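Fold and contact review
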Number of protein chains: 2
Amino acid sequence: MAPSSDALSPDAKRRHLVKHLGPEAVILSGDAMAPYLAEWRGRFPGRALAVLCPADTRAVSRAVACCADLGLAIVPQSGNTGLVGGGSPQDDADQVVLSLERMDRVRAIDPENNTLTVEAGCRLVDVQRAARDADRLFPLSLPSEAQCRIGGNLGSNAGGTNVLRYGNTRELALGLEVVLADGQVWSGLTGLRKDNSGLDLRDLFIGSEGTLGIITAAVFRLYPLPRDVQTALVAVPDPARAIALLRRLQADSGDTVTACELMNTLALELGRQQAGAAAGGIPDTAPWYLLVELASPNPHAGLREVLAHSLAEAQAAGEVNKSVVAVDPDQRQQLWSIREGIPGGQSQAGASIKHDISLPISRLPDFLAQAAERVRAEDPRVRLCTFGHVGDGNLHFNLSQPEGMARDAFLAQWTRYNDLIHDLVTGMGGSIAAEHGVGLLKAEALRRHKDPVELDLMRRIKQALDPENRLNPGKLIPGDEL
Amino acid sequence: MAPSSDALSPDAKRRHLVKHLGPEAVILSGDAMAPYLAEWRGRFPGRALAVLCPADTRAVSRAVACCADLGLAIVPQSGNTGLVGGGSPQDDADQVVLSLERMDRVRAIDPENNTLTVEAGCRLVDVQRAARDADRLFPLSLPSEAQCRIGGNLGSNAGGTNVLRYGNTRELALGLEVVLADGQVWSGLTGLRKDNSGLDLRDLFIGSEGTLGIITAAVFRLYPLPRDVQTALVAVPDPARAIALLRRLQADSGDTVTACELMNTLALELGRQQAGAAAGGIPDTAPWYLLVELASPNPHAGLREVLAHSLAEAQAAGEVNKSVVAVDPDQRQQLWSIREGIPGGQSQAGASIKHDISLPISRLPDFLAQAAERVRAEDPRVRLCTFGHVGDGNLHFNLSQPEGMARDAFLAQWTRYNDLIHDLVTGMGGSIAAEHGVGLLKAEALRRHKDPVELDLMRRIKQALDPENRLNPGKLIPGDEL
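What counts and how
Residues numbered from 1 in each chain as written. Chains lettered and ligands numbered in written order. Predicted model: local features only at pLDDT ≥ 70, side-chain atom pairs only at ≥ 80, totals over all residues. Heavy atoms only, no water. Domains from an automatic or database assignment. Contact = heavy atoms within 4.5 Å. Buried area = accessible area lost by both parts, 1.4 Å probe. Salt bridge = Lys/Arg side-chain N within 4 Å of Asp/Glu carboxyl O. Polar contact = N/O pair within 3.5 Å; in protein donor to acceptor, adjacent residues only side chain to side chain. Helix = DSSP H or I, 4+ residues; strand = E, 2+ residues; numbered from the N terminus. Buried < 20%, exposed > 50% of the residue type's maximum accessible area, 1.4 Å probe, protein only. Least-squares fit on C-alpha atoms with pLDDT ≥ 70 in both. Nonpolar A, V, L, I, M, F, W, Y, C, P; charged D, E, K, R; others polar. UniProt positions renumbered as here; feature names shortened; annotations may be inferred. Pairing = 2+ DSSP bridges. Axes fitted to C-alpha atoms, helices over the stretch in contact; angles between N-to-C directions.

**Observations regarding the domain arrangement of chain A**
Residues and elements named next belong to chain A. Looking at chain A, the domain boundaries give domain 1 (5-102), domain 2 (106-224), domain 3 (228-348) and domain 4 (352-441). If you average the C-alpha positions of domain 1 and of domain 2, the two centres end up 23 Å apart. Listed as interface residues are 12 residues of domain 1 and, on the opposing side, 20 residues of domain 2. With both chains or domains summed, domain 1 and domain 2 bury close to 1,300 Å², and 65% of this area falls on carbon and sulfur atoms. Scanning the region where domain 1 abuts domain 2 turns up 1 salt bridge. Among the ionic pairs, Arg 149 bridges to Glu 101, the shortest N-O distance being 4.0 Å. Viewed at the interface, domain 2 and domain 1 are joined by 4 residue pairs in polar contact (both at pLDDT 80 or more). Of all the secondary-structure elements, those providing two or more residues to the side of domain 1 that touches domain 2 are α3 (57-70) and β3 (73-77).

**Topic: the environment of Ala 377 of chain A**
Residues and elements named next belong to chain A. Tracing the chain through its elements places Ala 377 in helix α13 (residues 364-378). Note on Ala 377: relative accessible area 68%, which makes it exposed. For the pair Ala 377 and Glu 435, spaced 58 residues apart in sequence, the C-alpha separation works out to 28 Å.

**Notes on the relation of the copies chain B and chain A**
When chain B is fitted to chain A, the residual RMSD is 0.0 Å, and the transformation amounts to a turn of 180 degrees plus an axial shift of 0.0 Å. Here the transformation between the copies is reduced to the relation of a two-fold axis. Looking at the interface residues of chain B, 100% of them are also at the interface in chain A, so both copies use one shared face.

**Some details on the interface of chain B and chain A**
Contacts between the two partners involve 81 residues from chain B, matched on the other side by 81 residues from chain A. Together, the buried faces of chain B and chain A total about 6,500 Å²; carbon and sulfur atoms form 53% of this surface. The largest per-residue losses of area from chain B upon contact with chain A belong to Lys 194, Asn 196 and Leu 199 of chain B, which jointly make up 15% of the total buried on that side. Our count for the chain B to chain A interface comes out at 8 salt bridges. The partner of Asp 392 of chain A in a salt bridge is Lys 194 of chain B, and the shortest N-O contact between them spans 3.5 Å. Here the side of chain B that touches chain A gets 9 residues from one element, more than from any other, and that element is helix α17 (residues 452-465) of chain B. Looking at the side of chain B that touches chain A residue by residue, the classes come out as 30 nonpolar, 28 polar and 23 charged.

**Some details on the UniProt feature "domain: FAD-binding PCMH-type" (unreviewed entry) in chain A**
Cross-referencing UniProt, the feature "domain: FAD-binding PCMH-type" (unreviewed entry) maps to residues 44-225 of chain A in the present numbering. Regarding residues 44-225 of chain A, the helix share stands at 23% and the strand share at 25%, and the terminal C-alpha atoms are separated by 39 Å.

**Concerning the sheet that holds strand β8 (residues 173-179) of chain B**
Residues and elements named next belong to chain B. Pairing within the open sheet is antiparallel, and its 5 strands lie in the order β5-β6-β10-β8-β9. On the outer flanks of this sheet lie β5 (106-110) and β9 (185-188), each paired with one strand and no other. Taking the axes of each pair of neighbouring strands and ignoring which way they run, one obtains an average angle of 15 degrees across the sheet. Sheet analysis places β8 next to β9, joined by 4 bridges and oriented antiparallel. Looking across to β9, one finds that Val 178 is bridged to Trp 186. The strands touched by helix α3 (residues 57-70) within the sheet are β5, β8, β9 and β10 (214-221), with β8 carrying the most contacts at an inclination of about 45 degrees.

Next comes the structure, spelled out in structure tokens:
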């Protein structure tokens, strides 16, 4: 029988959890709980009654039912590497963290169907490895891939560097297994490419940040392994010509461009410093840089020649100042290390006010010009560190602490700069949460920037699937009405 | 003020509609209504109080609000070419058809963002043409493309022949405009590739067959136009080797296979007869055939050589009996006319009991063997006409009326054969509604084949978005509980 939750002390609730879920699935000590209560940057610290670590789907189901009995809310968490606090419990003794890290099995792989089935606690790098071991590509790739776990990638619909060719996490997923707010299990682990036998529940749970259900496993698409990969770092005069170059490369190479990363001078410099990477023959005096990668499963695709030829024609057309094509995997890795070094380099250079935004690609040049002007008008000392997945219209438009300004004084302007940039983005038909999600960080900003009709639809769906608001309350969906 | 709907006669309701929506937006005469009340094959005949033809989104919103006042249910319809009765009104005087055919504008095209914005009543062929005029490809392609309209393609998440490379309608759509059950408009016409600023409402409305809202416009992805297209008809020994050939071609050609259509001997014969197509050098004695197409935006992709080389190696490996590569666009069209002629050829050959099913690709050979055996055990005279998009795991597994058996006697076995095949499909992890949808035809079959937890989720979402069950009642979501 369910105890009356109001009547129970926190300790009694903890004992109830241990009794029903087993001691191996319940973490109670402060030291052991600590890593689950804060994220790696120390932001969004919280507390929780307990951390639950179920080992399989049935145990997740039991844990959810048990929490319902006890009136506890649940914060699902997998790798705890997110950037918006989506996996952080809030300051509330009536929340538990439900960690999926013990559910880390690759359940099945079907190379002939080009699919694999993995549990939510599987590290992204292990999913990639399982695919590669079957001579297949799992294309999702992120800077945190060694730490993040696939459940979080699903919950946040993670993007990364290969979206241009393969899509976001949503486009890679075919089926899901989800534990619902009442503990029931939806077994939607289909490996089908076509299925119109109902409403699309899969895509509703993906990107819902654990607010509608707890994803415990997924079936993903796999692709042929690339066997011809070519990478170039290109200095370009401006963003408009960077986009023109992307379109040229897509057409010339038969749509094999898998990555197209834009960086401004400061981003390149910080990335280089962080990576300790050599200049690689590229002058650091251009205003913008593009890191492009072409890949084909056909080892005889001749992408090196295509890339060299295309870049030469682009240079003749004024789209390119200078370019270097990696001659071997080492140089390729060196070029990527510059891009991957940017976030770390930024941290070294002081505090940042960040914007993870997206726009129609056609609006990017105009946005970059207007946004720079707005920031300059506020404070000409603020340095822009701009980089991102330009082929997806997704920019990390980050403001770096001016030299000489105190860290706290700069960060105190977070909301003001956010509003400034987000208003511009919204006015241009863009998104204020492109790939990192909403979580705690932007839940309130949605009130300002989202169509009220859409917010109302979100609340109605939340109400339908989690009427008691037990799943990750306060995340993604704004409103105390919930 | 809203009149009390119970107090009004049907004629009074009609007058109310005309008064509030304008005479040009309300069709009342039997002759003028007839084309909207039956579909092209004469199945699912129904009646309706009126047919509404709003000319823009605001008029749709007014129409929906007006119907709510009058207690009328709404059957959204665009091209009325569907195969499952999703756009057919039922035998109920309290339903109206809401036709979107007057909303047929291309609202915007943004070649730099590779997107276009079209209204729901736009014919598919006109969407394709608008893209081509901007030197872009809109890849959705179906046999009914000259008649069907994009609203129906969205409502049913249409598939077609290019899904293998470009995805279903869902994967092509970026944003939607939807009139909700209460007449409110959700303006979600984003052209963004990355947007994690909320729940994924877009994909919930797509494929919902008008049961959750009325899609009035959409933003779609465009792609570079193919400039090298190569097509081959290949005789193969069996389905397993057809799949092996597909994987070989994908790897060899750098993932440029855009279509891969499997046909058994009868399907090929019927298609040929219907198309009046010449044999094209392919013997009609092989058990299975594959129509494959490779396409690249790079005119120098050399796909002809790739295809010829791959087919030669496949023949040496025993995957191919014989093949012919189209030498020019005329022959290419001739090969496609065989595939496109199959449904018509089937009608000529007598009645059919049809199954639009999908499976994990790895299960297809086993399914085909077991399904053929089950049908043979029931009645060895039944002829199998099997064809479909094998690269998507989607088959049209159709049973043709035995020679000598009466049409009605054969069709009387529809449900028995459906259950036989659908049970097998479900047991193998497949779908009983792959690309044509559920509509009226399969709504009840879902009760038998769908996880009750999933059905319950569908009902809860329907209840949240259309609490009075006014939008396309009886379609897609089984249950009089609604």
